[in-house]
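# Architecture at a glance
Residues per chain, in single letters:
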Amino acid sequence: MIYTVHIKIMPLDDLLDPQGKAIKGALHNIGIHGVEDVRMGKHIVLQIQAESSENAGQIADNAAKQLLANQVMEQYEIA
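All of the points below concern the structure found in this document. (Residues numbered from 1 in each chain as written. Predicted model: local features only at pLDDT ≥ 70, side-chain atom pairs only at ≥ 80, totals over all residues. Heavy atoms only, no water.)

## Focus on the sheet that holds strand E1 (residues 2–11)
- Taken in spatial order, the three strands of this open sheet run E2-E1-E3, and their pairing is antiparallel. Here the strands that pair on one side only, and so sit at the sheet edges, are strand E2 (42–49) and strand E3 (74–78). Within this sheet the neighbouring strands show an average axis-to-axis angle of 25°, counted without direction.
- Bridging between E1 and E2 involves eight bridges; their strand directions are antiparallel. The residue of E2 that forms the bridge with histidine 6 is valine 45. (Pairing = 2+ DSSP bridges. Helix = DSSP H or I, 4+ residues; strand = E, 2+ residues; numbered from the N terminus. Axes fitted to C-alpha atoms, helices over the stretch in contact; angles between N-to-C directions.)

Structure (structure tokens):
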């Protein structure tokens, strides 16, 4: 069976996010005010052939750990 797995990757909370800071500044420049903070991340969707949803989740977790997320600077969540 084919499972769709979503991986959300975000910078660690304690690290600066220069992309988020640039977006916040750009929003202000175009007249959108009131945005207190912006964090920029990645959303990756995998289509995984697996025997079960648990197995698909394990495959996605391995992919995130080994390739998709830099665990020194990023955290990830699988849905």
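## Considerations on the layout of surface pockets
- Taken as a whole, the largest pocket spans an internal volume of roughly 170 Å³.
- As for the largest pocket, its lining consists of 13 residues, of which Pro11, Asp17, Gln19, Met40 and Glu74 are closest to the centre.
- For the lining of the largest pocket, the element with the highest residue contribution is E1, accounting for three residues.
- Its residues assigned to classes, the lining of the largest pocket shows eight nonpolar, two polar and three charged. (1 Å grid on protein atoms, 1.4 Å probe; cavity = no way out; pocket = protein on both sides within 12 Å on 5 of 7 lines; lining within 4 Å. Points joined across faces, edges and corners; volume = space filled by probe spheres on them. Nonpolar A, V, L, I, M, F, W, Y, C, P; charged D, E, K, R; others polar.)

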